[in-house]
Amino acid sequence: MSTRRTFLKSTLAGAAVAGFPSSLRAQPKTFKIGVVHPVTGPLAEPGQACRLGAQMATEAINAGGGIKALGGTRLELLLGDTQSKPDVGRTEAERVISQGAQMLLGSFDSGSTAAMVPVAQQRRIPFLVDIAAADPITALDPAGP
C-alpha cells in the first residue's frame, strides 16, 4: 500500500528527473570506431560488404543495449573510404582518429592497410585488420614500441 509520503517522493523524484533538460540527463557513453574500407574504386564491392558488416554489427549491439560489460556503452562508426589507394587510406585513418575514433577497423586491401598501420602505431590506437593479409602488416617493427 502506498502512503502519501511514498507517493510524493516517487512523484517528486520523477518530476525532478523529467524536469532536467535531456542534455543534462545521463547519456550512454559511446565508443567511436574508425571504419575505413575501399567503398569506391576498383575494390569497392568487397569494401562495401565489409562496411555493411560493421554497420550491421553496430546496429545489433546498440539495439541490444550496447556493450553491457562497459555499462551499456554504444558504438558509433566514423566512416572512411580508401578509394582503393594506400595514400588515401592513411589520410582517412588520420581523419577519423582526429574526429575521435578510439579504434580503427579496416581496410580490406593490404596496400591501404599497410599504409594505415603506422598511423595506428603512432597514435596508439588499436587497429583491427578485418581481411588484409600481406605479411608486412603484422611484422614486428624492431624500431617500434
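See above for the structure.
Residues numbered from 1 in each chain as written. Predicted model: local features only at pLDDT ≥ 70, side-chain atom pairs only at ≥ 80, totals over all residues. Heavy atoms only, no water.

1. Some words on the overall build of the chain
Selection criterion: Numbered from the N terminus, helices here are DSSP runs of H or I no shorter than four residues, and strands are runs of E no shorter than two. When a residue's accessible area, from a 1.4 Å probe over protein chains only, is under 20% of the maximum for its type it is buried; when over 50% it is exposed; and in between it is partly exposed. Whether two residues touch is decided by their heavy atoms; if any such pair falls within 4.5 Å, the residues are in contact. Each accessible area value is a Shrake-Rupley result obtained with a 1.4 Å probe; residue values ignore everything except the protein chains displayed when judging cover.
The helix and strand tally for the chain stands at five helices and four strands. Counting from the amino terminus, the chain carries its helices and strands in the arrangement α-β-α-β-α-β-α-β-α. Split into buried and exposed, the 145 residues of the chain put 33% on the buried side. In the chain, of all internal contacts separated by at least 6 residues, the share reaching a separation of at least 24 is 61%. Total accessible area on the chain stands at roughly 9000 Å², and carbon and sulfur atoms take up 61% of it.

2. Section: the environment of T82
Within the secondary structure, T82 is located in the loop between β2 (74-81) and α3 (86-98). Of the residues examined, T82 reaches a relative accessible area of 0% and is grouped as buried. Taking the C-alpha atoms as reference points, T82 and D109, 27 residues apart in sequence, are found 9.1 Å from one another. Contact partners of T82, with chain neighbours within four places excluded, come to V36, H37, P38, V88, G89, S107, D109 and S112.

3. Some words on the layout of surface pockets
For clarity, the threshold we go by: Definitions used for this entry: grid spacing 1 Å over protein atoms alone; cavity, a set of points where a 1.4 Å probe fits but cannot get out; pocket, an open set with protein on both sides within 12 Å along at least 5 of 7 lines; lining residue, one with an atom within 4 Å of a point. Grid points are joined across faces, edges and corners, and a volume is the space filled by probe spheres set on the points. Gly is put with the polar residues, along with every residue not named as nonpolar or charged; the nonpolar set is Ala, Val, Leu, Ile, Met, Phe, Trp, Tyr, Cys and Pro, and the charged set is Asp, Glu, Lys and Arg.
By volume, the second largest pocket is sized at about 200 Å³. In terms of lining residues, the second largest pocket is bounded by 13 residues, among which I33, T58, I61, L75 and M103 are the most central. Contributing elements (two or more residues each) for the lining of the second largest pocket: β1 (30-37), α2 (44-63), β2 and β3 (103-106). Among the elements that make up the lining of the second largest pocket, the one with the highest residue count is α2 (five residues). Grouping the amino acids of the lining of the second largest pocket by side-chain chemistry returns 11 nonpolar, two polar and no charged.

4. Observations regarding the pattern of salt bridges
Where charged atoms from two side chains of opposite charge come close, those side chains can pair. Note the cut-off: Here a salt bridge means any side-chain nitrogen of Lys or Arg lying within 4 Å of a carboxyl oxygen belonging to Asp or Glu.
Evaluated as defined, the whole model comprises two salt bridges. For the salt bridge of E92 with R95, the shortest nitrogen-to-oxygen distance reads 3.0 Å. In this pair, E92 and R95 are both assigned in helix α3, three residues apart and thus about one turn of the helix distant. On the accessibility criterion, E92 (14% relative accessible area) is buried.

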